[in-house]
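Structural characterization, general
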Amino acid sequence: SGHHVTKLGLNALTLLAVAEYTHTTGDVEYLETAKSIAAWMESAQKEDGSFVQKVAEPDNKLDEDYYVRYYQGEATFGLARLYNVVKAMGQEPEESWMQVAELAATCIVDRDARLPDEDLLVDHWLLYGIAEMGSRNKKHLQHCIRTIEVATGRQVQETSHNQDKDRLGIF
């Protein structure tokens, strides 16, 4: 039909895959594609640090109502990982990749600070992203600790004799 959709999440995970492939193999064949994806992600970031998550092609119509909670954490992780892989290869990464990741993480952390623990999303992608950024931002680190505490509290801690013991440790 000629109608295509670009989604932040798919781009973020593609960015991660290319970064890991490049890091593991040393093959830079797909690095320009990754840089192009990073540029698109940067252009999709709003002033508050959140992202437009879905764009319809070919008219570039933004879908402001489309929202997946994990996409922003995935984008944070992907951009920070690409930055570190390019730097480790002895090349100059775009500083904007880390700046976009930092702003995205801050946006999530600030939003989540207003949520009670029972509504907090345990966003492992964001935790990976903050770790990849090597963040020393106190708010980011406190958010990581809170997320881990909430996740641990949600895990099955004990089972009755009628329940499957293999369920221990799951949500």
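Here goes a summary of the coordinates provided. Predicted model, so just to flag it, every value in this text is computed and none were measured.

**Observations concerning the overall build of the protein**
- In terms of helices and strands, the protein carries six helices and three strands.
- In sequence order, the secondary structure elements of the protein are arranged as β-α-α-β-β-α-α-α-α.
- The contacts in the protein between residues at least 6 apart in sequence include a share of 67% that link residues at least 24 apart.
- Carbon and sulfur atoms provide 52% of the accessible area of the protein, an area that totals close to 9,800 Å².

**Here's the deal with helix α3 (residues 71–88)**
- Compared with an ideal rise of 1.5 Å per residue, which puts 18 residues at 26 Å, α3 spans 25 Å between its outermost C-alpha atoms and is within 8% of the ideal.
- For α3, a buried count of 15 out of 18 residues is recorded, marking the element as mostly surrounded by other parts of the structure.
- Downstream of α3 by one or two residues, glycine 90 has phi in the positive range, about 85°.

**Overview of the packing of helix α1 (residues 8–25) against α3**
- Where α1 contacts α3, the axes come no closer than 8 Å and their chain directions differ by 25°. Relative to α3, α1 is oriented roughly parallel. Regarding α1 and α3, the two cross each other, and that crossing is left-handed. Residues Leu8, Gly9, Ala12, Leu13, Leu15, Leu16, Ala19, Glu20, Thr22 and His23 of α1 form the contact with α3, whose own contacting residues are Tyr71, Gln72, Glu74, Ala75, Phe77, Gly78, Leu79, Arg81, Leu82 and Val85.
- Along the lines of polarity and charge, the residues of the contact of α1 with α3 split into 12 nonpolar, five polar and three charged.

**As for the nonpolar core**
- If you look at the biggest cluster of nonpolar residues, it comprises 33 residues, and the most contacted ones within it are Met41, Leu79 and Leu82.
- Mapped onto this core, the elements with two or more residues apiece are α1, α2 (31–44), α3, α4 (95–113) and α5 (124–133).
- Residue contacts for leucine 82: discarding those within four places in its chain leaves Leu15, Ala19, Leu31, Ala34, Lys35, Ala38 and Trp97.

**Describing a negative patch on the surface**
- A contiguous patch of negative charge on the surface is contributed by Glu42, Glu92, Glu94 and Glu95.
- Mapped onto the fold, glutamate 94 is located in the loop between α3 and α4.

**Re the packing of α2 against α3**
- The interhelical angle for the contact between α2 and α3, taken along N-to-C directions, is 140°, at an axis separation of 11 Å. When the interaxial angle is binned, α2 and α3 end up oblique. Crossing geometry of α2 relative to α3 is assigned as left-handed. For the pair α2 and α3, contact is made by Leu31, Ala34, Lys35, Ala38 and Met41 and by Ala75, Leu79, Leu82 and Val86, respectively.
- Split into classes, the residues belonging to the contact of α2 with α3 amount to eight nonpolar, no polar and one charged.

**Some details on the side chain of threonine 147**
- Positionally, threonine 147 belongs in helix α6 (residues 138–154).
- In this structure threonine 147 touches Leu120, Leu121, Val122, Asp123 and Leu127, once residues within four positions along its chain are discounted.

**Quick look at the side chain of threonine 6**
- Relative to the assigned elements, threonine 6 resides in strand β1 (residues 4–7).
- Beyond its immediate sequence surroundings of up to four residues, threonine 6 is in contact with Asn11, Trp40, Gln53, Lys54, Val55 and Glu57.

**Remarks on the environment of glutamate 20**
- Along the chain, the position of glutamate 20 falls in helix α1.
- By relative accessible area, glutamate 20 is classed as partly exposed at 33%.

**Some details on the pattern of salt bridges**
- Per the stated rule, a full pass over the model turns up six salt bridges.
- Note that aspartate 110 is salt-bridged to lysine 139, the shortest N-O span being 2.7 Å. Here the residue aspartate 110 occupies a position in helix α4, and lysine 139 occupies one in helix α6, the gap between them amounting to 29 residues.
- A salt bridge links aspartate 112 to arginine 111; the nearest nitrogen and oxygen atoms lie 2.9 Å apart.
- Classification of aspartate 112 by relative accessible area gives buried; the value is 2%.
- Residues joined in a network through salt bridges with shared partners are Glu20, Arg81 and Glu132.

Thresholds, definitions, all that
Residues numbered from 1 in each chain as written. Predicted model: local features only at pLDDT ≥ 70, side-chain atom pairs only at ≥ 80, totals over all residues. Heavy atoms only, no water. Helix = DSSP H or I, 4+ residues; strand = E, 2+ residues; numbered from the N terminus. Contact = heavy atoms within 4.5 Å. Areas by Shrake-Rupley, 256 points an atom, 1.4 Å probe, with all protein chains shown as cover. Expected span 1.5 Å × (residues − 1). Buried < 20%, exposed > 50% of the residue type's maximum accessible area, 1.4 Å probe, protein only. Axes fitted to C-alpha atoms, helices over the stretch in contact; angles between N-to-C directions. Parallel < 35°, antiparallel > 145°, perpendicular 65-115°, else oblique. Left-handed = near helix turned anticlockwise from the far one by under 90°. Nonpolar A, V, L, I, M, F, W, Y, C, P; charged D, E, K, R; others polar. Core = buried A, V, L, I, M, F, W, Y, C linked by side-chain atoms within 4.5 Å. Patch = residues over 30% accessible without salt bridge, like charges linked within 9 Å, V, L, I, M, F, W, Y side chains within 5 Å. Salt bridge = Lys/Arg side-chain N within 4 Å of Asp/Glu carboxyl O. Lys, Arg positive; Asp, Glu negative; His and termini not counted. Charge placed at Lys NZ, Arg CZ, Asp CG, Glu CD.

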